[in-house]
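Fold and contact review
Residue-level listing of the chains:
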Amino acid sequence: MCRDCGCEAGNARAFFEGNGAKADVETKVDAGPDGTIHIHVEISGLGGKGPREHRHSHEHSHGDGQVHSHEHGEGGEAHKRIELETRVLERNDRAALRNREWLDARGVVAVNLISSPGSGKTLLLERTLEALRGVVGCAVITGDQSTDNDARRLAGKGAPVVQIETRAACHLNAEQVGAQLERVVTDGVRLLVIENVGNLVCPAAFDLGERRKIALLSVAEGEDKPLKYPVLFHDAPVCVITKIDLLPHLDFDLARCREALRGVRPDVTLFELSARTGEGMAAWIDYLAHLVGR
Amino acid sequence: MHELGMASALIDQVGEIARREGATRIARIEVRIGALSGVDRDAFAFAFPIAAEGGLAEGAVLDIEDVPLVVDCRACGASTRPEYPIVLCAACGSGDVAVVSGEDFRIIAMEVE
């Protein structure tokens, strides 16, 4: 119903389809109480893949011969409403999809390691590269706000490594990763490990094209971290509890931590290990080898 | 604090569509923030006008709808809203659930002039 004049549309109706777009057009001509002629044209459902729109335009022909035309959306305001229903990070999602397809085409599996700074990502990665050397071809993209210290720590272990310095940004995005793929994923690489910027909040929102997000949590951090930062621990189907060699010195409650993890991610695959002593490393290495089909 | 980045991504996306539609101004933007989307409502509302400044969406009304976490339980069949941030069935406690809503951050619609 038109809010301006109260009339109902529906005298004539036509449906158009072409070029992937569909339009449903309704027209109505009627005489208003003051003798003016109203021509209503209502167009809805435009746009195949594009945004759907609803347009409602009026022509008012008055007795003096003047014709006024205006257009308004469903609310009766002079606005056109455009339905979108898209993800806000659509651009990143598209780049992530390109990365995923690029990796899939080469038989490469990517994992995205996310944790707080200081949870032991880089040491775990050093030991992982050493263990997989000669078994699974690995490559590493490592992200930090500044310095290439991590890349230097990881160099010389048989895997190509590139460092992305994100500067002000608190996470890696799919475009940054995509720009490095050709450089780092050389012949023979089957596993790409992306070590994200140390941060439990922001990296969770950005798909990089990985097969698995893997969250890390050290026993020095507190067992309730999955409840404090549930978005990451919910998004990550795999979680690694690190530095378990420190357990005798801490009040960390491992059982409560597992319960918190399963509360936010009931089907989580859990590893508990110490990269320093090697305890629990075998299961982790087996998992990665299995992930790439070895 | 990635909400400014999120707000910029939103502004870029709606700006592109508005220009394609020949609009001169974006009057209103509707978004839906899921409880487990990782986007903080207040931080986003704060960042939005900063990201919008100087563009087609400057001065636009931001309409935020909060979407609760809803899970369907495969064990007991109930559809429940567990207490944030738990993702277990609120009826029987099972973890064998499918998340129905609450994970997404979406632009629903916009109004342009």
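The model shown is predicted, which means the values in this text are computed figures rather than measured ones.

Cut-offs applied
- Residues numbered from 1 in each chain as written.
- Chains lettered and ligands numbered in written order.
- Predicted model: local features only at pLDDT ≥ 70, side-chain atom pairs only at ≥ 80, totals over all residues.
- Pairing = 2+ DSSP bridges.
- Helix = DSSP H or I, 4+ residues; strand = E, 2+ residues; numbered from the N terminus.
- Axes fitted to C-alpha atoms, helices over the stretch in contact; angles between N-to-C directions.
- Contact = placed C-beta atoms within 7 Å.
- Nonpolar A, V, L, I, M, F, W, Y, C, P; charged D, E, K, R; others polar.
- Expected span 1.5 Å × (residues − 1).
- Buried ≥ 20, exposed ≤ 12 C-beta atoms within 10 Å, placed from the backbone.

Before going further, it helps to spend a moment on the sheet that holds strand β5 (residues 97-101) of chain B. Residue and element names in this part refer to chain B. In spatial order, the strands read β4-β3-β5; together these three strands make up an open sheet with antiparallel pairing. Both edges of this open sheet fall to β4 (79-80) and β5, since each of them pairs with a single strand only. The pairing of strand β3 (residues 70-73) with β4 spans two bridges and is classified as antiparallel. Bridge pairing in β4 places V71 opposite T80.

Attention now goes to the sheet that holds strand β7 (residues 109-114) of chain A. Residue and element names in this part refer to chain A. Taking strand neighbours across the sheet as the criterion, the seven strands line up as β9-β8-β10-β7-β11-β12-β13 in an open arrangement whose pairing is parallel. The sheet is open, and its two edges are formed by β9 (161-165) and β13 (269-272), each paired on a single side. For this sheet, the mean inter-axis angle between neighbouring strands, taken without regard to orientation, is 20°. Summarising the sheet, strand β11 (residues 212-218) and strand β12 (residues 238-242) pair through five bridges and their orientation is parallel. Of the residues in β12, the one forming a bridge with L217 is I241. Sheet contacts for helix α4 (residues 174-184): β8 (138-144), β9 and β10 (191-195); angle to β9, the most-contacted strand, approximately 160°.

We now examine the interface of chain B and chain A. On the side of chain A, 32 residues touch chain B, which itself brings 26 residues to the contact. Those elements that provide at least two residues to the side of chain B that touches chain A are α1 (3-20) and β6 (105-112) of chain B. Broken down by element, the residue count for the side of chain B that touches chain A peaks at eight residues, all from β6(B). Looking at side-chain class alone, the side of chain B that touches chain A contains 17 nonpolar, four polar and five charged residues.

Take α1(B) next. With 18 residues, α1(B) ought to run about 26 Å at 1.5 Å a step, and its terminal C-alpha atoms sit 26 Å apart, in line with that. Taken together, the buried positions of α1(B) are occupied by B:E3, B:G5, B:M6, B:A7, B:A9, B:L10, B:I11, B:Q13, B:V14, B:I17 and B:A18. Residues of α1(B) that are buried sit in contact with β6 (80-87) and α1 (90-105) of chain A together with β1 (26-34), α2 (41-52) and β6 of chain B. Phi turns positive, to about 75°, at B:G22, one or two residues after α1(B).

Residue and element names in this part refer to chain B. What you see with β3 is a clean split: V71 and C73 sit on the buried side and V70 and D72 on the side with no burial. In terms of strand pairing, β3 meets β5 through four bridges, oriented antiparallel. Bridge pairing links V71 to V99 in β5. Counting the residues in the hairpin turn of β3 and β4 gives five residues, including G77, whose phi is positive at 85°.

The values are spatial; any link to function lies outside them.
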